[in-house]
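As a plain string of letters, each chain reads:
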Amino acid sequence: MVVVDVNELTYTYPASAKPVLSNVSLKVTQGEFLAIIGNNGAGKSTLCYAMAGFIPHFFRGSMHGSVHVAGKDTHVTSLYDIVQQVGLAFQNPFNQISGAKFTVYEEIAFGLENTGVPRPQMMERVEKVMALTSITELADRSPYSLSGGQQQRVALASILVMEPKVLVLDEPTSQLDPVGSREVFQVIKEMSQRGMTVVMVEHKVEWIAQFADRVIALHDGQILLEGKPADVLASPLLEEKGFGLSRYTQVARQAVNRDLWPADRPLPVTLQEAVEGFSRVSG
Amino acid sequence: MTTSVSLYVAGDTGFHRLHPITKLTITLTLLLGGLVIPSAWASYALFVGFILPLSIWGGIWKQLIRAVWKIVLPFGISIFLIQGLFWGEGTTLFSIGPFTVEKEAIIFAFGSVGRIMLVIGSFLLLALATRPDSLMNALTNLGLPGAITYIVVTTIQIAPRFQSKARTIIDAQQSRGLITEGNLIIRGKALVPLILPLVLGSIVDVEERAIAIEARAFNSPGPKTSLVTINDTRLQKLFRWTLFLLMLLLIGFRIWWSLT
């Protein structure tokens, strides 16, 4: 079942002449974990806003094409109805703290209060999501007294607790250390395996290769490549366009020049793939 | 670093547990009492008779007295000096050189100081023992628009962030050679590169924050629920209505007084 359907989307911000997105079409099926990569200004965040309904409901500007989420056309559906289906978390965790609450526990409950969830269910859901994102011990702290990484987990928990059908994440691990990033990826993977559809903008190529089902590379507002992580992330086209490659791909590329990498094998993206390839050469 | 500019002192006394609206009603009644009763002594009587005992009950009397003292002392000194020396005519108490001090002036100054003590004391009684968010929630339940509640509570929390952000900008600009100390002109010039990033940055922040709360259904048209429950009792309701009646009586008394 297609849950997110972006059809020939072109969007220009109000004060700008050049479109940020031109003719972008993509479909995401239920339970899929789609990663979007791209350089600064490629239109990744704009695409997130469009999928979460903030374009056209929050940002003015000109939008052509259509976006359907959970069967609803975002053009004619109210933002309130869209946010019940699509959860959006973005990069700067500090600005995602509502400011209306004095503890992490209450902060996470904020969205549930707004949608009128009865108190007993609210507490159950908040506690469940805090355990899932490993922030239970922060429950009574002020959200403003937390570190960037902790705030980022709170921001993610605050969206997950609303149990959206689609989760749109714009660099949700930017403030996290490697261990923290891995944990967040694992949580998100688990949510997608339970049937939540995930679209995630991310730079951490190795994690994408390990967890995502499909990757889209966005370049200058257009889709440059699309496919399985292993195919897309090691593509020479990416390097040509100035994308960062994983360190394993970079090492293997050097190895190819010195005949140290098996010619019939695609370049590796993850540690696992690199180990397999190199052990075949040495063995 | 402080996490909010709220005056609230956490505690678990009976006074803390009173419904926020009950505490608000007490504050309003005290204020009205002090302003309406036509005696310089009234404010002092209310302060000693109600504010002090209640603050002791709430375990906040230290903070309360310290704050009242800090504000009232400088004000009191200046009001006694100015009124005492420049009152004009009246019953002369004593003279110092060319200045005479009148009895009426002292009574007036005494009354003013009392009123300020009452106003600050009764406000602090509420602010020190009431969580600002629960007060605002209670007011929302009474019909205050949710957006107003949001603005008040976020301002309390975001003001310290704003300060620390300003500090970061000042440090950054100074490290790039901006001179911020010196005479008025130098300081004035330095203000532009400090204010501009702060204001522009804040506008961006506001946009993101608006998206974030919108993504959490802040503008939902349906009924909302609340995680924090505020305990209310029959007795407190009765007490609030009694105070409310008392306030009406006080106002009535004041009108009657000024008519006769």
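Conventions and cut-offs
- Residues numbered from 1 in each chain as written.
- Chains lettered and ligands numbered in written order.
- Predicted model: local features only at pLDDT ≥ 70, side-chain atom pairs only at ≥ 80, totals over all residues.
- Helix = DSSP H or I, 4+ residues; strand = E, 2+ residues; numbered from the N terminus.
- Rg over C-alpha atoms; globule rule 2.2 N^0.38 Å.
- Buried ≥ 20, exposed ≤ 12 C-beta atoms within 10 Å, placed from the backbone.
- Contact = placed C-beta atoms within 7 Å.
- Domains from an automatic or database assignment.
- Pairing = 2+ DSSP bridges.
- Axes fitted to C-alpha atoms, helices over the stretch in contact; angles between N-to-C directions.
- Nonpolar A, V, L, I, M, F, W, Y, C, P; charged D, E, K, R; others polar.
- Parallel < 35°, antiparallel > 145°, perpendicular 65-115°, else oblique.
- Left-handed = near helix turned anticlockwise from the far one by under 90°.
- pLDDT = per-residue confidence, 0-100.
- Core = buried A, V, L, I, M, F, W, Y, C linked by C-beta atoms within 7 Å.

In this section: the overall build of chain B. Secondary structure assignment for chain B yields 9 helices and 2 strands. Going from N to C terminus, chain B has its helices and strands arranged as α-α-α-α-β-β-α-α-α-α-α. Relative to a compact globule of 260 residues, whose C-alpha radius of gyration would be 18 Å, chain B shows 24 Å and is clearly more extended. Considered along the principal axes of its C-alpha atoms, chain B spans approximately 65 × 60 × 35 Å. A total of 260 residues make up chain B; the buried ones form 22% of that total. Considering only intrachain contacts with a sequence separation of at least 6, the fraction spanning at least 24 residues in chain B is 73%.

If you tally the helices and strands in chain A, you get 12 helices and 10 strands. The C-alpha radius of gyration computed for chain A amounts to 20 Å, which stays within 12% of the reference 19 Å derived for 283 residues, consistent with globular compactness. For chain A, the C-alpha atoms occupy an extent of roughly 65 × 45 × 35 Å along the three principal directions. A total of 283 residues make up chain A; the buried ones form 49% of that total. Excluding contacts between residues fewer than 6 apart, the proportion of contacts in chain A whose partners are at least 24 apart in sequence is 63%.

Glancing now at unusual backbone geometry. Cis rather than trans, the peptide bond between Ile55(A) and Pro56(A) has omega equal to 10 degrees. Inspection of the secondary structure puts Pro56(A) in helix H2 (residues 54-57).

All names here are of chain A. What the domain assignment lists for chain A is domain 1 (2-232) and domain 2 (246-283). Spacing between the C-alpha centres of domain 1 and domain 2 amounts to 33 Å. Facing 6 residues of domain 1, the contacting portion of domain 2 comprises 4 residues. Every element with two or more residues in the side of domain 1 that touches domain 2 is listed here: helix H8 (205-211) and helix H9 (229-233). The greatest single-element share of the side of domain 1 that touches domain 2, amounting to 4 residues, is contributed by H8.

Moving on: the sheet that holds strand S10 (residues 222-227) of chain A. All names here are of chain A. Strand order in the open sheet formed by 6 strands is S6-S7-S8-S3-S9-S10, with mixed pairing between adjacent strands. What marks the edges here is a single partner per strand, and that holds for strand S6 (86-89) and S10. Ignoring which end each strand starts from, the neighbouring axes of this sheet average 15 degrees apart. By the bridge criterion, 4 bridges tie strand S3 (residues 33-38) to strand S8 (residues 197-201) in an arrangement that is parallel. Each bridged residue has a counterpart across the sheet, and for Leu 34 the counterpart in S8 is Val 199. Relative to S8, helix H7 (residues 178-193) is tilted by about 150 degrees, and along the sheet it contacts S3, strand S7 (166-170) and S8.

Attention now moves to the interface of chain A and chain B. Put simply, an interface is often sized by how much accessible area is lost when its parts join up. Taken together, the contact between chain A and chain B spans 34 residues of the former and 29 residues of the latter. Of all the elements, helix H4 (residues 104-114) of chain A adds the most residues to the side of chain A that touches chain B, at 6 residues. Grouping the amino acids of the side of chain A that touches chain B by side-chain chemistry returns 17 nonpolar, 14 polar and 3 charged.

Turning our eyes to something else, we now look at the packing of helix H4 (residues 61-86) of chain B against helix H5 (residues 103-129) of chain B. All names here are of chain B. At their nearest, the axes of H4 and H5 sit 9 Å apart, and the two run at 160 degrees to each other. Here H4 lies roughly antiparallel to H5, going by the angle between them. Like other packed secondary-structure pairs, H4 and H5 cross with a definite hand, here right-handed. Here the residues of the contact of H4 with H5 sort into 19 nonpolar, 6 polar and no charged.

What follows concerns the domain arrangement of chain B. Residues and elements named next belong to chain B. Here chain B is described as being made up of domain 1 (14-138 + 229-259) and domain 2 (145-215). Taken together, the contact pairs 4 residues of domain 1 with 4 residues of domain 2. For the side of domain 1 that touches domain 2, the residue count by class is 2 nonpolar, 1 polar and 1 charged.

Residues and elements named next belong to chain A. Within the open sheet, the 4 strands sit side by side as S2-S1-S4-S5. Their pairing is antiparallel. Across the chains shown, the open sheet's two edge strands, defined by having one partner strand only, are strand S2 (21-29) and strand S5 (72-73). For strand S1 (residues 2-12) and S2, the ladder comprises 6 bridges, and the chain directions are antiparallel. Within the sheet, the bridge partner assigned to Val 2 lies in S2 and is Thr 29. The strands that helix H1 (residues 44-51) touches are S1, S2 and strand S4 (62-69); relative to S1, the one it contacts most, it runs at about 125 degrees.

In the predicted model, chain B carries a mean pLDDT of 86, and 98% of its residues have values of at least 70. The ipTM value of the predicted complex is 0.86, and its pTM value is 0.80.

What follows deals with the packing of H4(A) against helix H5 (residues 119-132) of chain A. Residues and elements named next belong to chain A. Interaxial distance between H4 and H5 falls to 10 Å at its minimum, and their mutual angle equals 125 degrees. Comparing the axis directions of H4 and H5 gives the class oblique. H5 is crossed by H4, and the crossing has right-handed handedness. Within the contact between the two elements, H4 uses Tyr 105, Ile 108, Ala 109 and Leu 112 and H5 uses Met 122, Arg 125, Val 126, Val 129 and Met 130. Of the residues belonging to the contact of H4 with H5, the class tally is 8 nonpolar, no polar and 1 charged.

With that out of the way, let us pick up the nonpolar core. If you look at the biggest cluster of nonpolar residues, it comprises 102 residues, and the most contacted ones within it are Ile36(A), Met51(A), Ala52(A), Ile108(A), Val168(A), Val199(A) and Ile208(A). With near-sequence residues (within four places) excluded, Ile108(A) lies in contact with Val126(A), Val129(A), Met130(A), Val154(A), Ala157(A), Ser158(A) and Val161(A). Counting 22 residues, the second largest nonpolar core, distinct from the first, contains Phe47(B), Ile51(B), Val68(B) and Leu125(B).

Turning to the environment of Thr12(A), a few remarks are in order. Residue and element names in this part refer to chain A. The residue Thr 12 is located in strand S1 in this model. Note: C-alpha distance between Thr 12 and Gly 61 (49 residues apart in sequence) is 5.6 Å. Beyond its immediate sequence surroundings of up to four residues, Thr 12 is in contact with Pro 19, Val 20, Gly 61 and Ser 62.

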